[in-house]
Every structure is written in C-alpha cells, then in structure tokens.
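# Observations on the three-dimensional arrangement
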2 protein chains.
Amino acid sequence: MINYPGGIKVNAPAPKEKKEKKHIESAANRGMGFETDINDTNAYYLEKGLALIYKRPTPINIVKVDYTKGAKITHAYFEHQSTTDYNGVYKGHYVDFEAKSTQSKTSFPLSNIAPQQIEHLRNVKKHGGIAFFLINCYALGEVYMLDAEFVCDFYEEKPRKSIPFSLIKEKGHLVKEAYRPRFDYLPLIDEVFLK
Amino acid sequence: MINYPGGIKVNAPAPKEKKEKKHIESAANRGMGFETDINDTNAYYLEKGLALIYKRPTPINIVKVDYTKGAKITHAYFEHQSTTDYNGVYKGHYVDFEAKSTQSKTSFPLSNIAPQQIEHLRNVKKHGGIAFFLINCYALGEVYMLDAEFVCDFYEEKPRKSIPFSLIKEKGHLVKEAYRPRFDYLPLIDEVFLK
C-alpha cells in the first residue's frame, strides 16, 4: 500500500475505471482493487444504515511544510501502518480488520502481516472487540474471513511460513460476493462473533 | 490542527518539552498540548490494559510522489478530518470522541466543530457506539466530557453560536486531572454510558 500513484487520495476509493480494467491490473493494483471493493462495501453499509466502518488514513511522516503556499507539504514519506486497515462500529460492537490479497496459488504468506498488526489485533480481542482478516485468494477467486485469533496463533506458533488454502477453507468463512455489496461480510460477523 | 511544525510526525505525540513550556505556548500550541495529554492518557490506558484508543492519522491528499528517492512525497496537503480525532474499544464497546480546546472565557464556540463531525457522531450513536466530546476550557482550567448527543442537538438546533460554560458544567462531567493518566475519562464512560 506504499506505491500510490501521484494524485490519488490516500484513504479515498481508487478511480472507478480501476474495477473495469481488472484483467490487466498488476499485482499491486489488484490489491488496490480489493481495497476499493471493501471501501465500496463499507459505503453500502453506511448508506443502508447497517454499520459504520472506516478505512484508516495512511499515516504519513511530514518533514517539511511550505507555509508561503498555504500549508503545502513539500517533503514527507509513508509510514508503516502500525494498526489495521479498517475499524468501526456494528451493533455497538467495536470491529477491526485487515484486508489482504494474495497471488499465491496454494497459500497465504504470513510475510504479508506486520508483527505490530498481530499485536494490535491481540489487543482488540483482549478488550472485547471483534477482530478478523479478510483474505482475498485470487487463485481461488474467493475471499475468506478468518478470526484474528486463529491467524495470530498461527503467526506466533509459525508451524509454516504461510497458511495453506486448505486450512483457510477449513477454519475460515467464505464471504458472499455480489454486485452490491461486493463482499458482504456483516452476516459473517453475526455468525462467527455474535451468536 | 493544520499548522504542524516541520518535522513533527502527524499522529505522534508532540515532543515532551512542549508540556513544560505550557506557559509560553501560543493558542495553537495549547491545543496541541491538550492533544498530547490525551495521547499520553491513551498510552497509559493501553499500557495498563484498560482500553485501546487511537488517534486517527490526519488525512493527507497526495499530489506528487518522487519514486526516484524511495517514495518521497514532494507535494501534498492536509485534508479536513471528516470524522473525529479518536476512536477505539473499551470493554467491547466502540468508543469515538473529539477533543477540543477553547480560549474563550465564557463559552465553547460551535465554529470549532465541522458539520461532518456532527454527522459522524450521529452515525456512531445510531450504530450503538459511545460518542462524546472532551472540551478543554482553559479559562476554567477544567476539562469536561459532553455526550455527543447533547452537543449534536445543540449544534443542530443552534439556540446560540456557542455553548455557555454554565451549560457545559450542568450537562457535562468534569474529567479528573492528574499526573498520570492526565485526563482520566474512562470512569466517566462507565458512569455516563455503561450504567
């Protein structure tokens, strides 16, 4: 999520044409396409009054600001997100999740997750929040919700460097895909966390 | 919150010396001092395992990135926060609040609040979250917690352009101030929202 093309708003949905050109997207853009889909899903939830979930702005370290031109930032750089992509509120509950994509044909590489994200999600769980991953497995054409607890345990015990798709299918929950909402994950929150 | 001095991290606590120089701080810096105090309070809560509350990164609109120098942002500007400063989880509940300071001797001017913040806090309430303002009244030397519902109602009905301190004292809850945590607002969440 570091290589923003110039002119694209951080934390804003990518331009619409991105979606229609999916077949020629690079790996990075495909990740961006998934993010756009999740943002669209959240916009749908907000519009329908179902949930309030936001993408966190990308943290930026500002080195230099030119005040002669109305606070123009002239030197800054991207920082690594120390938390997760999304958080918000659903039925009064705190919800926090990370959306990840993988191009792998067999498994989800743990190298996609930063140690501080694991720590953050552990903290969310500790304080009674709902925490999970949405993992887009391109090779399967499927998106799975995985309870953060399972992912954190796997990450810390590291039986392997990646989570095999077979295990993701076994432990995860398939997210229903449609036109709108693109990835309907709220019913899975009910099923997995609020039963 | 727009005039960051060069070199200060967005979303990072201001340097420690800020606190000790409070008597010579400008109005803007005093606001920053309050933010630092809230960040310190949240760091204390995290450390003690009491709550997980984060400051949202300031959203930045990126115009130009120089990739020849490892993704150096060379042109960007600050965007207005369309939500609030802080959110997180406490006892499983979603918590969302805005911290504001005023130099006024008599009241808190509503011009300090953006309409989209009101809309956001209404949404938080609608979805069962806990939403409030922490208002630092410098003239009183006191910080009050005000239920977002009261502030939103006042904002929308606009009986006056500012909320008189007398009404803040009547409707709000005084936040206990100490060395650490600086502004202990969690007990007030229990008292006001979780009884």
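Listed per partner, the contact involves 49 residues of chain A and 49 residues of chain B. Carbon and sulfur atoms make up 61% of the surface buried where chain A meets chain B, a total of about 3800 Å² over both sides. At the junction of chain A and chain B, the tally comes to zero salt bridges. Linking chain A with chain B are nine residue pairs in polar contact (both at pLDDT 80 or more), by the criterion used here. When contributions to the side of chain A that touches chain B are tallied by element, the ones reaching two or more residues are strand E1 (52–55), strand E2 (60–66), strand E3 (72–78), strand E4 (86–90), strand E5 (93–102) and helix H3 (115–126) of chain A. The leading source of residues in the side of chain A that touches chain B is E3(A), at seven residues.

Before going further, it helps to examine the pattern of salt bridges. The tally for this structure, following the rule as stated, stands at 22 salt bridges over all chains. Note that A:Arg180 is salt-bridged to A:Glu47, the shortest N-O span being 3.1 Å. On the criterion of sequence distance, the pair formed by A:Arg180 in the loop between strand E11 (176–177) and strand E12 (183–184) and A:Glu47 in helix H2 (residues 27–47) is long-range, its members being 133 residues apart. We note a salt bridge from B:Arg182 to B:Asp37, for which the minimum N-O separation is 3.4 Å.

Our focus in this paragraph is the nonpolar core. Grouped burial of nonpolar side chains is what soluble globular proteins tend to show. If you look at the biggest cluster of nonpolar residues, it comprises 48 residues, and the most contacted ones within it are A:Ile113, A:Ile163, A:Ile168, B:Ile113, B:Val151, B:Ile163 and B:Ile168. Other than its neighbours up to four places away in sequence, B:Val151 contacts B:Ile113, B:Phe133, B:Leu146 and B:Ile163.

Before going further, it helps to spend a moment on H3(A). All names here are of chain A. Taking 1.5 Å of rise per residue, twelve residues should cover 16 Å, and H3 covers 17 Å from first to last C-alpha, within 8% of that figure. Restricting attention to buried positions, one finds in H3 the residues Gln 117, Ile 118, His 120, Leu 121, Asn 123 and Val 124. One or two residues past the end of H3 sits Gly 128, with phi positive at roughly 85 degrees.

We now examine the packing of helix H3 (residues 115–126) of chain B against helix H4 (residues 148–157) of chain B. Residues and elements named next belong to chain B. Closest axis-to-axis distance for the H3/H4 pair is 10 Å, and the angle between their directions is 135 degrees. Viewed along their axes, H3 and H4 adopt a mutual orientation that is oblique. H3 and H4 meet at a crossing whose hand is left-handed. From H3, Pro 115, Ile 118, Leu 121, Arg 122 and Lys 125 reach across to H4, where they touch Ala 148, Glu 149, Cys 152, Asp 153, Tyr 155 and Glu 156. Classifying every residue of the contact of H3 with H4 by side-chain character gives six nonpolar, no polar and five charged.

Next up on the list: the confidence of the model for chain A. Model confidence for chain A is summarised by a mean pLDDT of 86, while 84% of its residues fall at 70 or above. Listed scores for the predicted complex are pTM 0.83 and ipTM 0.82.

Judged by pairing direction, the sheet is antiparallel, and its four strands sit side by side in the order E2(A)-E3(A)-E3(B)-E2(B) without closing on themselves. Looking at which strands have only one partner, the edges of the open sheet turn out to be E2 of chain A together with strand E2 (60–66) of chain B. Shown here is a sheet whose adjacent strand axes are inclined to one another by a mean of 35 degrees, direction ignored.

Here we come to the relation of the copies chain A and chain B. Between chain A and chain B, which share one sequence, the superposing operator has a rotation angle of 180 degrees and an axial displacement of 0.0 Å; the RMSD is 0.0 Å. Between the two chains, the operation in question is that of a two-fold axis. Both copies share a contact surface, since 100% of the interface residues of chain A are interface residues in chain B too.

Here we come to the side chain of B:Asn123. With respect to the helices, strands and loops of the structure, B:Asn123 is situated in helix H3. Judged by relative accessible area, B:Asn123 falls into the buried class, the value being 15%. Dropping the residues within four chain positions of it, B:Asn123 is found in contact with A:Leu46 and A:Leu52.

This paragraph deals with unusual backbone geometry. Excluding glycine, residues mostly carry a negative phi; peptide bonds, for their part, are mostly trans. For the bond from A:Arg180 to A:Pro181, the omega torsion is 0 degrees, close enough to zero to count as cis. Tracing the backbone shows A:Pro181 in the loop between E11 and E12. One non-glycine residue with positive phi stands out, namely B:Lys158, at about 40 degrees. Of note, B:Lys158 is situated in the loop between H4 and strand E9 (162–164).

What counts and what doesn't
Residues numbered from 1 in each chain as written. Chains lettered and ligands numbered in written order. Predicted model: local features only at pLDDT ≥ 70, side-chain atom pairs only at ≥ 80, totals over all residues. Heavy atoms only, no water. Contact = heavy atoms within 4.5 Å. Buried area = accessible area lost by both parts, 1.4 Å probe. Salt bridge = Lys/Arg side-chain N within 4 Å of Asp/Glu carboxyl O. Polar contact = N/O pair within 3.5 Å; in protein donor to acceptor, adjacent residues only side chain to side chain. Helix = DSSP H or I, 4+ residues; strand = E, 2+ residues; numbered from the N terminus. Core = buried A, V, L, I, M, F, W, Y, C linked by side-chain atoms within 4.5 Å. Buried < 20%, exposed > 50% of the residue type's maximum accessible area, 1.4 Å probe, protein only. Expected span 1.5 Å × (residues − 1). Axes fitted to C-alpha atoms, helices over the stretch in contact; angles between N-to-C directions. Parallel < 35°, antiparallel > 145°, perpendicular 65-115°, else oblique. Left-handed = near helix turned anticlockwise from the far one by under 90°. Nonpolar A, V, L, I, M, F, W, Y, C, P; charged D, E, K, R; others polar. pLDDT = per-residue confidence, 0-100. Pairing = 2+ DSSP bridges. Least-squares fit on C-alpha atoms with pLDDT ≥ 70 in both.

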